[in-house]
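Survey of secondary and tertiary structure
One letter stands for each residue in the lines below.
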Amino acid sequence: MPAPRTRDALWGVLRLTVAAAIVAAIVAQLVRSVSNSLAEGWPVGGTVVDFFSFFTILSNATSVVVLVVGGVMLLRPGARDGRVFATILVCATTYMTITGLVYNTLLRGIPLPQGATVPWSNEILHVWAPLFFVLDLLLAPRRRALPWSAVGVITIFPLVWLAYTLVRGPLVVNFRTGDPWWYPYPFLDPHLQPWGYGGVALYALAIAAAIVAIGAVAVAVGRARGRLGGEARLRVSREHR
């Protein structure tokens with residue numbers, strides 16, 4: 001087992017490497033989306049706004065900032081996660097995990113227009129990056145224990161995003177199809193649900209429950225690891241007295 005400082009440094013480099021991979025994946029998909037719009041004569045501005053209206057893109061973009069900050073902190077000997085950063089980290093962990101779960105359970109089998117997505121980018125954003133955050137939760141050093149109230153904080157961004165999506169959806173035109181509405185995911189489009197907004201509400205409630213459950217598990221794991229880490233540091237301190 002590597003020494004603590006070596007383990008910190010290795011995990012810090014790993015966080016920075018994954019952050020770079022996510023940036024490459026986001027940029028590659030954005031370039032593909034803009035290129036397709038230019039070729040079809042669609043508005044580039046609308047393409048970019050739609051692109052950054054996907055929960056996947058927002059959660060991955062947030063994760064880049066978290067991984068860079070967290071990676072740099074691990075490369076600094078003795079630095080520990082402050083409460084604010086630890087809260088943002090557990091939020092990113094939850095959002096990335098839900099991104100992976102929703103995509104692989106609800107969206108993976110839905111066919112997309114040929115050439116609309118970059119395959120390797122799609123896998124990084126929806127599979128490998130979420131998996132890394134699960135490993136980070138379980139294995140990364142210096143995880144800080146948080147109070148259970150952090151679960152409430154975790155729910156804020158998804159609720160704001162859901163409100164934004166449902167309010168904006170009927171107000172914009174899908175320039176790709178001509179429909180006078182646009183939603184980033186089919187399960188949030190009332191026109192594709194047998195029960196209209198009732199079907200959307202059921203999906204939203206199910207995903208909200210999943211976010212709360214995953215957030216609670218993430219906080220619980222962090223609390224357990226923080227407690228064990230504190231006990232280990234106390235034991236080492238006593239041994240060196």
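Refer to the preceding data block for the structure.
The paragraphs below set out a description of the structure included in this document.

Analysis parameters
- Residues numbered from 1 in each chain as written.
- Predicted model: local features only at pLDDT ≥ 70, side-chain atom pairs only at ≥ 80, totals over all residues.
- Heavy atoms only, no water.
- Helix = DSSP H or I, 4+ residues; strand = E, 2+ residues; numbered from the N terminus.
- Buried < 20%, exposed > 50% of the residue type's maximum accessible area, 1.4 Å probe, protein only.
- Axes fitted to C-alpha atoms, helices over the stretch in contact; angles between N-to-C directions.
- Parallel < 35°, antiparallel > 145°, perpendicular 65-115°, else oblique.
- Left-handed = near helix turned anticlockwise from the far one by under 90°.
- Contact = heavy atoms within 4.5 Å.
- Nonpolar A, V, L, I, M, F, W, Y, C, P; charged D, E, K, R; others polar.
- Phe/Tyr/Trp six-rings, centres within 6.5 Å; stacked < 30°, edge-to-face > 60°.

So, on to unusual backbone geometry. You will see that R142, though not glycine, has its phi angle at about 65°, which is positive. Among the structural elements, R142 can be located in the loop between α5 (119-139) and α6 (150-154). A relative accessible area of 13% places R142 in the buried class.

At a minimum axis distance of 8 Å, the contact between helix α1 (residues 4-40) and helix α3 (residues 55-75) shows a crossing angle of 155°. In terms of orientation, α1 and α3 fall into the roughly antiparallel class. Note on packing geometry: the crossing formed by α1 with α3 is left-handed. Each of D8, A9, W11, G12, V13, R15, L16, V18, A19, I22, V23 and I26 in α1 lies in contact with α3, whose residues at this interface are I57, N60, A61, S63, V64, L67, V68, G70, G71, V72, L74 and L75. Of the residues in the contact of α1 with α3, the class split is 17 nonpolar, 5 polar and 2 charged.

Under the definition given, this model contains 13 aromatic pairs. Members of the aromatic cluster, each reached through a chain of ring pairs, are F54, F55, Y95, F157, W161, W182, Y185, F187 and Y203.

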